[in-house]
Amino acid sequence: MALCALVVVAALFSVTWTQFIPPYTEECRTEMYPPAGPTFRGAVSWYTVDLDSPPSERWTALITDKKNELLAVIQAIRDFANAFVPSGGLVELVDISLPLMVETLPNPFKEEIKAIAAVSGIPLGEVVLYNIFYEVFTVCTSIVAEDNEGNLFHARNLDFGLFMGWDVKNKSWIITEKLKPLAINLDFKRNNQTLFKGVNFVGYVGLLTGIKPNLFSVTMNERFSLDGGYIGILEWILGKRDGMWMGFLIRSVLENANGYKEARALLAQTRLLAPAYFILGGNQTGQGCVITRSRLLSIDVLELDLKLGRWYVLETNYDHWNEPLFLDDRRTTAMKCMNQTTPKNISPKSLYAVLSTKPVLNKLTVYTSLMQVSGGKVESFIRDCPNPCMPW
């Protein structure tokens with residue numbers, strides 16, 4: 001027992017110091033855009049979601065095109081579950097129990113989830129689970145920044161798959177790699193006009209990254225808390241359903257809010273199933289903030305303040321007034337690179353470089369998105385972090 005404890009302590013010590021030692025960390029990257037080289041796997045493709053069509057038909061073309069890739073990630077999740085319960089009992093429980101849960105979800109999401117299951121042939125319970133686990137496993141870096149001309153830029157790395165199966169041979173997270181072919185840009189249209197845009201995974205009907213052209217942009221990062229998403233999901237299953245699913249909330253805000261202030265109020269005040277950070281950018285100088293949320297209320301709002309020299313806000317997965325977890329300090333590197341960039345040089349190009357610097361870029365990074373509210377421009381790129389690279 002003592003030897004086991006010593007090994008664990010030694011491993012934690014090794015990871016703690018490795019993140020600060022080259023080549024696991026590095027000088028701030030430059031000249032990374034346009035994307036190329038070993039950290040760039042490819043551009044994310046675009047699909048249109050017609051909000052005028054019935055919920056049962058909105059995702060048919062996309063699911064048909066990406067069915068094999070979706071089946072691959074669902075199988076990887078099954079394998080992960082079976083590793084814990086080799087009898088297959090956990091997957092069987094999901095297939096029996098979670099279809100009952102879909103009827104408790106709000107519209108149009110429940111009808112869209114049912115349709116995805118029908119088109120893909122994946123059991124309904126497993127599609128429900130696929131839509132749930134983004135509430136509790138999303139580890140990210142998000143930035144909103146303002147340049148000297150008052151232009152606002154919003155960028156994020158989406159990191160996903162922590163502790164969901166490590167591929168020893170390839171030194172990568174199994175679920176992370178399976179998700180990369182499923183990343184998509186979405187153009188949500190009504191009356192044949194773009195209403196909002198998002199970046200998503202095929203089969204997931206919420207949103208974690210989105211923009212309402214010329215109005216606001218928003219991303220969500222997970223906030224670790226003992227009163228976390230597992231508690232909210234359990235309460236929902238047991239019948240207490242006064243909280244909103246985070247991905248559903250973001251999509252609803254993008255669809256219905258008419259500006260930065262309205263979006264800010266909705267994100268700050270709506271009861272949630274899980275604690276979160278909402279990173280919000282607007283279309284006017286000074287409109288950018290990180291909203292720190294518990295499940296019940298807003299704890300803090302950190303806003304751009306040019307008079308105080310705060311020309312950017314940056315969030316990983318830790319409260320900004322506390323030091324990040326000693327095992328996971330992406331914040332220090334990201335802030336160092338932002339401070340070196342300065343407002344004079346901030347742009348999608350320089351933000352991509354910041355998000356390409358290890359350990360901000362790591363083995364969990366699925367995609368990088370760059371958004372500019374003015375004109376509603378969104379670019380997304382699938383990422384790789386060549387070895388040696390931090391696992392998170």
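What you are looking at is a predicted structure, and each value in this text was computed from that prediction instead of being measured.

Asks: Got a sec to walk through the sheet that holds strand 13 (residues 298-303)? Specific residues and values, please.
Replies: Spatial ordering of the open sheet is given by 2-7-8-9-10-11-12-13, a layout of eight strands whose pairing is mixed. The two strands at the open ends of the sheet, each matched to only one other strand, are strand 2 (46-50) and strand 13. Averaged over all pairs of adjacent strands, the angle between strand axes in this sheet comes to 20°, irrespective of strand direction. Inspection of the sheet shows strand 12 (residues 288-293) paired to strand 13 by five bridges, in the antiparallel sense. In the sheet register, cysteine 289 faces strand 13, and the bridge partner there is glutamate 303. In this fold helix 9 (residues 246-256) packs onto strand 7 (183-190), strand 8 (193-201), strand 9 (209-212), strand 10 (216-222) and strand 11 (276-281), with an angle of close to 175° to the strand it touches most, strand 10. Together, strand 10, strand 11, strand 12 and strand 13 form the strand contacts of helix 10 (residues 260-269), whose direction differs from that of strand 12 by roughly 15°.

Asks: Give a description of the pairing of strand 9 that names residues and reports values.
Replies: Burial of the side chains of strand 9 extends over both faces: Thr209 and Ile211 are buried on one face and Gly210 and Lys212 on the other. With three bridges joining them, strand 8 and strand 9 adopt antiparallel strand pairing. If you follow glycine 198 over to strand 9, its bridge partner there is glycine 210. Where strand 9 and strand 10 come together, four bridges link them in antiparallel fashion. By the bridge assignment for strand 10, lysine 212 is matched with phenylalanine 216. Adjacent in sequence and paired antiparallel, strand 9 and strand 10 are bridged by three residues, among which asparagine 214 carries a positive phi angle near 70°.

What counts and what doesn't
- Residues numbered from 1 in each chain as written.
- Predicted model: local features only at pLDDT ≥ 70, side-chain atom pairs only at ≥ 80, totals over all residues.
- Heavy atoms only, no water.
- Pairing = 2+ DSSP bridges.
- Helix = DSSP H or I, 4+ residues; strand = E, 2+ residues; numbered from the N terminus.
- Axes fitted to C-alpha atoms, helices over the stretch in contact; angles between N-to-C directions.
- Contact = heavy atoms within 4.5 Å.
- Buried < 20%, exposed > 50% of the residue type's maximum accessible area, 1.4 Å probe, protein only.

Take it as geometry only, folks, not as evidence of what the structure does.
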